[in-house]
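Spelled out, the chains give:
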Amino acid sequence: MQSTIFNEQKTFRPIPALPRALASSALGGPFEGEAEVRGVVPAWLRGRLIRTAPAIFEFDSWQAQHWFDALGMLYSFDIGTDGRVHWMQRLLECEFNRSILHGRDELASYGTRNHRSLFQRLLHPIPHSTDNANVNIRPERRHWIAMTETERQLTIDPESLKTAAEVIFTDALPKRLLVTAHPHDDSERKEWVNIGILYGAHSALIVFSQAYGSNARREIGRMPLHRVPYIHSFAITRTKVVLILAPYDLKPSSLLWSKRSISEHYRWSPENGTRIVVMDRESGTCTEHQGPSFFSFHTVNAFDLDHGAIRLELLAYADASVIHQGMLMSHIRRDGLPSLTPSLRRIAIDPNRPEFRMETVGPGVGFEFPTIHYARANGRPHRYVWGSDLSRLVRIDTKTDEATHRSLEGITFGEPVFVVHPEAIEEDDGVLLTVGSSAVTQASEMTVWDARTLNILAQITVPILIPLGFHGGFESR
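Here the structure is a predicted model, which means the values were calculated and not measured.

Q: When you look at the overall build of the chain in this model, what are you seeing that I'm missing?
A: In terms of regular secondary structure, the chain is built from five helices and 39 strands. Burial analysis of the chain (477 residues in total) assigns 58% to the buried set. Working note: accessible area of the chain is about 20,000 Å², and carbon and sulfur atoms make up 51% of it. One finds the centroid of the 51 positive side-chain charges in the chain at a distance of 4 Å from the centroid of its 55 negative side-chain charges.

Structure (structure tokens):
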């Protein structure tokens, strides 16, 4: 089935259909109900999973040109004390979604051109950032925080999935500091750690912390930038922040008065290699280490070794084609979802050497959306990593290099969310939650997997199409 859209000359043309895994019922409903549960939900697993996803890729004459730019949605699975599961979905309430639905297209997005007039471009040389928080969402006191890769974050009521307010920061950091959607939670220090990019005549990468319950951020350190790299995530140890600067970057001045999307300003320069910057979390001092070129969305973990050395694990692509080409909607509509199968790499960083060393971990099973037992292992040595290649759930034992994987026939699913057993002893004692849409029915399901064996414990089915998204979280009760 094809949909239609008008081009700039207002002539009628068909556009190829979306892959089934990106289809959504967030506009038409239904919007909530009781899920069908097959199997047995563990008696200790009680709480709420909330995830966000790019959901609406076209509306009237507007069309998202990159996977990152579709109108965002939120959905939840609430597991009650009686084992019953209530589900809900809602289109994200934000300025970007409202503007598109009302025929306006003036906010910046990653890979889709906006249609600002010459006067608007002269008045605001760089367009206002989007608040389309379709990348990640995390619990924060009685609200959850929905995030994308700009300075704008939204507080979400977990009961209704309605937007309560936009987050207002009360500190001296630049107002337009574009932060990642992957902050790190340091429960020992009771703070969040994140990084942001400052664009301008004095562009910089700024690392900051934010105490629990506070909207004031404290700068840890900053690094001047001539060209600004794309950074999706980073890692922390107990003492350091580890930043991966791939040679996929842009010149900030090129954004001024431009009609092009932000993604069109990036270039891949493999001759420059990849840089890893290690910043001390107390002093803000940095060391820089050079190595072979690669591109990465997600770090897995990092931890301190003896004599100031660091071990870092991440998922690495050979180049940036996955974001620059594979995630363009023209490619996805023609060729299907991109291959999200980077290699798990282990990187050794010696503070006294200018270069880093990198090796492949495991038997070469590619996957994305890595997760670990975060509360126990983040910033410390870990053994197990889980992820998804969209059709398989993957588990890697980094001690033995053994890989295990399981699939669900007809289901495309993304990030596994690890939920620890409340009386856990071993690192892998818990379950994994994935959400995926069916290739053959008008249904989606949340699957509960045993984290150790990857056996399916329960399948929780809902009568809606939930599009493949990126990230989310679970809060136990």
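Q: Can you help me understand the pattern of salt bridges in this one?
A: If charged atoms from side chains of opposite charge come close, those side chains can pair. A full pass over the atoms with the stated rule returns 33 salt bridges. What emerges from the salt-bridge pattern is a single network uniting D186, E188, R189, E191, R238, R281, E282 and R380.

Q: What's the story with the packing of aromatic side chains in this structure? I'm lost.
A: Aromatic ring pairs: the centre-centre distance and the angle between the two ring planes describe each pair. The tally for this structure, following the rule as stated, stands at 21 aromatic pairs. When the ring of F68 is compared with that of F297, the centres are 6.5 Å apart and the planes differ by 70°; the resulting orientation is edge-to-face. Taken as a pair, F68 in the loop between β7 (62-63) and β8 (71-79) and F297 in the loop between β25 (286-291) and β26 (299-304) lie far apart in primary sequence, 229 residues in all. Consider the rings of Y230 and F297, whose centres lie 6.4 Å apart with planes at 90°: the pair is edge-to-face. With Y230 in the loop between β19 (228-229) and β20 (235-236) and F297 in the loop between β25 and β26, this residue pair connects regions lying 67 residues apart in the sequence. Both residues of the pair, Y230 and F297, count as buried. Counting every residue linked through ring pairs, the aromatic cluster contains W67, F68, Y110, Y230, Y248, Y266, F295, F297, Y317 and F470. Over the aromatic face of W192 sits the side chain of R138, whose NZ or CZ is 3.9 Å from the ring centroid. One residue, R217, lies across the ring of F169, its end atom 3.9 Å from the ring centre.

Q: Could you clarify how one ought to interpret the environment of E95 in this entry?
A: Looking at the element boundaries, E95 is found in helix α1 (residues 95-101). Taking the C-alpha atoms as reference points, E95 and E166, 71 residues apart in sequence, are found 10 Å from one another. If we skip the residues at most four places from it in the chain, E95 touches L107, D131 and R152.

Q: What should I look at first to understand the sheet that holds strand β10 (residues 136-140) in this one?
A: Where strands meet in a sheet, backbone hydrogen bonds hold them as pairs that are either parallel or antiparallel. Pairing within the open sheet is antiparallel, and its four strands lie in the order β10-β11-β12-β13. Bordering the open sheet on either side are β10 and β13 (163-166), each of which pairs with just one other strand. Taken over all neighbouring pairs, the strand axes of this sheet differ in orientation by 30° on average, direction set aside. Of the strand pairs in this sheet, strand β12 (residues 153-156) and β13 are connected by three bridges, and their pairing is antiparallel.

Q: Help me out: how do you make sense of unusual backbone geometry in this one?
A: Where the residue is not glycine, phi is negative for most of them; where a peptide bond is considered, it is trans in most cases. P30 follows G29 through a cis peptide bond whose omega is 5°. The residue P30 is located in the loop between β2 (12-15) and β3 (32-34) in this model. The backbone phi angle of H307 is positive, close to 60°, even though this residue is not glycine. Counting through the fold element by element, H307 comes out in the loop between β26 and β27 (310-316). With a phi angle near 65°, L454 is a residue other than glycine that sits in the positive phi range. Within the fold, L454 resides in the loop between β37 (444-450) and β38 (456-462).

Q: Looking at this structure, I do not really get the pairing of β8. What am I missing?
A: For a regular strand, side chains alternate in direction, first toward one face of the sheet and then toward the other. For β8, a buried count of nine out of nine residues is recorded, marking the element as mostly surrounded by other parts of the structure. Burial of the side chains of β8 extends over both faces: L71, M73, Y75, F77 and I79 are buried on one face and G72, L74, S76 and D78 on the other. As paired strands, strand β5 (residues 47-56) and β8 are joined by nine bridges and run antiparallel to one another. Its bridge partner being in β8, T52 is matched across the sheet by L74. Hairpin connection between β8 and strand β9 (residues 85-91): a loop of five residues separates the two successive antiparallel strands, and G83 in this loop has a positive phi of roughly 85°.

Q: How should I be thinking about the sheet that holds β20 in this particular structure?
A: The strand order β20-β21-β24-β25 describes an open sheet built from four strands, whose pairing is antiparallel. A strand with exactly one partner marks an edge of an open sheet, and here the two such strands are β20 and β25. The pairing of strand β24 (residues 274-280) with β25 spans six bridges and is classified as antiparallel. Among the inter-strand pairings, V277 is bridged to a residue of β25, identified as E288.

Cut-off values and rules
Residues numbered from 1 in each chain as written. Predicted model: local features only at pLDDT ≥ 70, side-chain atom pairs only at ≥ 80, totals over all residues. Heavy atoms only, no water. Helix = DSSP H or I, 4+ residues; strand = E, 2+ residues; numbered from the N terminus. Buried < 20%, exposed > 50% of the residue type's maximum accessible area, 1.4 Å probe, protein only. Areas by Shrake-Rupley, 256 points an atom, 1.4 Å probe, with all protein chains shown as cover. Lys, Arg positive; Asp, Glu negative; His and termini not counted. Charge placed at Lys NZ, Arg CZ, Asp CG, Glu CD. Salt bridge = Lys/Arg side-chain N within 4 Å of Asp/Glu carboxyl O. Phe/Tyr/Trp six-rings, centres within 6.5 Å; stacked < 30°, edge-to-face > 60°. Lys NZ or Arg CZ within 6 Å of the ring centre and 35° of its normal. Contact = heavy atoms within 4.5 Å. Pairing = 2+ DSSP bridges. Axes fitted to C-alpha atoms, helices over the stretch in contact; angles between N-to-C directions.

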